[in-house]
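# Structural overview for review
The chain contents come next:
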Protein chains: 2
Amino acid sequence: MEKNKVITAKLGIDVGGTDVKFAVIDNGEIVCRSKIPSNRESVEKILQEICDECRKIAEVYPYKSVGAGFPGVIYDGLLNTDNLPFKETPIIEEMENRLGVPVAADNDANCAALGEVLYGSGKAYHNAVVLTLGTGIGGGIIIDNEIFRGRGGAGELGHMVIQSENGLPCACGRTGCFEQYASTRALVRQATEAAKENPDSILGVIYQENEDMNGKLFFEAIHKNCPVAEAVFDHYLDWLSIGIKNLQMIFDPEVFLLAGGVTKEGDNFLKPLMAKLDGKINVKIAELQSDAGVFGAASLN
Amino acid sequence: MEKNKVITAKLGIDVGGTDVKFAVIDNGEIVCRSKIPSNRESVEKILQEICDECRKIAEVYPYKSVGAGFPGVIYDGLLNTDNLPFKETPIIEEMENRLGVPVAADNDANCAALGEVLYGSGKAYHNAVVLTLGTGIGGGIIIDNEIFRGRGGAGELGHMVIQSENGLPCACGRTGCFEQYASTRALVRQATEAAKENPDSILGVIYQENEDMNGKLFFEAIHKNCPVAEAVFDHYLDWLSIGIKNLQMIFDPEVFLLAGGVTKEGDNFLKPLMAKLDGKINVKIAELQSDAGVFGAASLN
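The model shown is predicted, which means the values in this text are computed figures rather than measured ones.

A few words now on the pairing of strand β4 (residues 65-70) of chain B. All names here are of chain B. With six of six residues buried, β4 is to be regarded as a mostly interior element. Of the two faces of β4, the one lined by Ser65, Gly67 and Gly69 and the one lined by Val66, Ala68 and Phe70 are each fully buried. Relative to strand β8 (residues 103-107), β4 runs parallel, the two sharing five bridges. The residue bridging phenylalanine 70 from the neighbouring strand is asparagine 107, located in β8.

This is the structure:
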């Protein structure tokens, strides 16, 4: 006799370069989740596979709407991506036609920012700047609990130039972009350079033994009090704090939320960062981390 | 028989370090204006003189509300200024008690930005970033025709660091701030240095003849096709365009509005700047210039 049961659940999709994550959110919780590999062949293929998965999920847990985050920019409803084949794709229309429920779409960093503010460590706030320190720096600006988009492309915080002269080149074509200095990838690069220059240091030895460098190995050296690693980290935090202070001057937000690789170190990361920032600047580490995207996507409509 | 005539006029006040400007705005036009020197002695003195002038104006042209822009920051209704003696002054309360009409107050750069968007060259837009290139760089962010304030201190765009390492020192305590490279004062400093290094250039000769350098003298050299001045200008525009591109990435606004000293050169300034910017970036020179402050202040309530 549940004929007229009202459906409150929403489906959130986080489309990445490697896989596509799906989660049905109901009453603020993930009640059903799945994942498929990202098809990079063609727009048709990837849309077909995403929509097939959406239909399968609907059989298990019906939802009233779909929101999707893509690694790209949507202007006037048209999606363009760098890592996937979308080119001027009318993504919302395409998905609504196939699924028959309301669809919304946005940039993946924007979705992650919204998710973290609505459901994660930003829950107590309505105005936040979210930085995801990964391969690059994904940015999201939340004003009054909504994504700030400008004309559509706002929030590209990783491409704020902080070193105009003699800056490191960036894939975007400019030099000296914030993400070249303060992303997790940048820290790993800085650590690799220091390890090569100081082969006898704890960091250097870890690098040789593992024939690799990553965030985990780097923090292993930090935990062993390696002075070379500490110097790298201190300089890295200088760069990161310069960008955060810039965004403080620009937005004066209630809170900064940091996500991504390096932030998984928790207080070992946050405490030394806070020491470099003015006490008025409120910084928290994201709680939802990689789930923030599906939460935010589901909240788009 | 005009007993019940509805008053629509509003008084706008632009409090500067040198003088205080007053203008009654009615139907989008200045219908009455005046100016008094800024009293720097004490908060009591400056408030008394401002309110005396407000009362005088009310006798000539009655207004329903007052809005004032101050060279400082207002947090929780408390004003702090660098150039004037205000310290934690409950400015709105103080003025309302003295004047008996509703009073609103904000940072002067915010007022100028709002005025320029509502009544000046930003009239066709609702979302703009306004930069006043003067002694420093005053910034104002307008979203949906309103000043974006964050927690109160947002829009300090001149203090966005664009040169982290080996940056020029700024009065704010950081180094490499945008205003150290792209304000009108920065251009004059760059021009002075080049004139001294190249005494035989047209710019050098102008500098020696006038025993001075300013925006007007600099553009005299530009109009005479001085290669030294052109190189200075080109490099200056590089710095300015880096800051504008950063703000484009961050806000993706409908328009950038530029005001202040150098922009008075009009197209001679705008055209070479546009050549350095992506075609998607829309830049206009402010129309109201120094009147923008009173227009914006009057519009605060």
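Attention now moves to the pairing of strand β3 (residues 29-37) of chain B. Residue and element names in this part refer to chain B. Summarising the sheet, strand β2 (residues 19-26) and β3 pair through eight bridges and their orientation is antiparallel. Its bridge partner being in β3, phenylalanine 22 is matched across the sheet by serine 34. Once β2 ends, the chain turns through two residues before running back antiparallel as β3, passing asparagine 27 with a positive phi of about 50°.

Tallied over the entire structure, the rule returns 19 aromatic pairs over all chains. The interplanar angle of 40° and the centroid separation of 5.0 Å between the aromatic rings of Tyr119(A) and Phe295(A) together place this pair among those described as tilted. Residue Tyr119(A) is located in helix α3 (residues 108-119), and its partner Phe295(A) is located in helix α10 (residues 292-298); the two are separated by 176 residues in the primary sequence. Given the relative accessible area of 28%, Tyr119(A) is considered partly exposed. Centroid distance Phe233(B) to Tyr236(B): 6.4 Å. Interplanar angle 10°. Geometry classified as stacked. One end of the pair is Phe233(B) and the other is Tyr236(B), both in helix α8 (residues 227-251) and three residues apart, which spans about a single turn. Grouped by ring-pair contacts, the aromatic residues Phe218(A), Phe219(A), Phe233(A), Tyr236(A) and Phe269(A) constitute a single cluster.

What follows is about the pattern of salt bridges. Opposite charge on two side chains makes pairing possible when the charged atoms of those side chains draw close. Taken as a whole and judged by the stated rule, the model has 24 salt bridges over all chains. Among the ionic pairs, Arg151(A) bridges to Asp252(B), the shortest N-O distance being 3.0 Å. Here Asp252(B) lies in the loop between α8 and β12 (255-259) and Arg151(A) lies in the loop between β11 (146-147) and α4 (179-182), a pairing that spans two chains. Taking relative accessible area as the criterion, Asp252(B) reaches 1% and is therefore assigned buried. Of the charged contacts, one joins Glu94(B) and Arg98(B) as a salt bridge, the two residues approaching to 3.3 Å between their closest N and O atoms. Of the two residues, Glu94(B) and Arg98(B) are both situated in helix α2 (residues 91-99); the distance of four residues between them amounts to about one turn of the helix. One connected set of salt bridges, linked through shared partners, spans Glu44(A), Glu94(A) and Arg98(A).

Right, let's get into the interface of chain B and chain A. Each partner contributes to the interface: chain B provides 35 residues, whereas chain A provides 35 residues. Buried area between chain B and chain A, both sides added, is near 2,900 Å², and the carbon and sulfur share of it is 51%. Interface area lost by chain B to chain A is led by Arg151(B), Met249(B) and Ile250(B), which between them contribute 24%. At the junction of chain B with chain A, the criterion picks out two salt bridges. Taken together, chain B and chain A are joined by 32 residue pairs in polar contact (both at pLDDT 80 or more). Breaking the side of chain B that touches chain A down by element, the ones donating at least two residues are β10 (137-143) and α8 of chain B.

Moving on, we get to the sheet that holds strand β10 (residues 137-143) of chain A. Residues and elements named next belong to chain A. With mixed pairing, five strands are arranged side by side in an open sheet as β11-β10-β9-β12-β13. A strand with exactly one partner marks an edge of an open sheet, and here the two such strands are β11 and β13 (283-285). The pairing of strand β9 (residues 128-133) with strand β12 (residues 255-259) spans five bridges and is parallel. Looking across to β12, one finds that valine 129 is bridged to phenylalanine 256.

Parameters and conventions
Residue indices begin from 1 for each chain and proceed along its sequence in written order. Going through the entries in the order they are written, you letter the chains from A and number the ligands from 1. With pLDDT at 70 or above as the cut-off, local features in this predicted model cover only qualifying residues; side-chain atom pairs require 80 or more to be listed or tallied, and sums for whole chains, interfaces and linings still use all residues. Note that water and hydrogens are dropped before the side-chain values are worked out from all heavy atoms of the structure. Exposure categories follow from relative accessible area, calculated using a 1.4 Å probe and restricted to protein chains: below 20% of the type maximum is buried, above 50% is exposed, and the middle band is partly exposed. Each helix corresponds to a stretch of at least 4 residues labelled H or I by DSSP, and each strand to a stretch of at least 2 residues labelled E; elements are numbered beginning at the N terminus. In short, DSSP must find at least two bridges between two strands for them to pair. Pairing of aromatic side chains here covers Phe, Tyr and the six-membered ring of Trp, requires ring centres within 6.5 Å, and sorts the geometry by plane angle: under 30 degrees stacked, over 60 edge-to-face, intermediate tilted. What makes a salt bridge here is a side-chain nitrogen of Lys or Arg within 4 Å of a carboxyl oxygen of Asp or Glu, nothing more. Throughout, a residue-residue contact means that at least one pair of heavy atoms, one from each residue, lies within 4.5 Å. A 1.4 Å probe defines the accessible area here, and the buried area is the portion of it lost by two parts on being joined, summed over both. Here a polar contact is taken to be a pair of N or O atoms separated by no more than 3.5 Å, where protein atoms must pair a possible hydrogen donor with a possible acceptor and residues adjacent in sequence count only if both atoms sit in side chains.

Nothing here speaks to function; it is all geometry.
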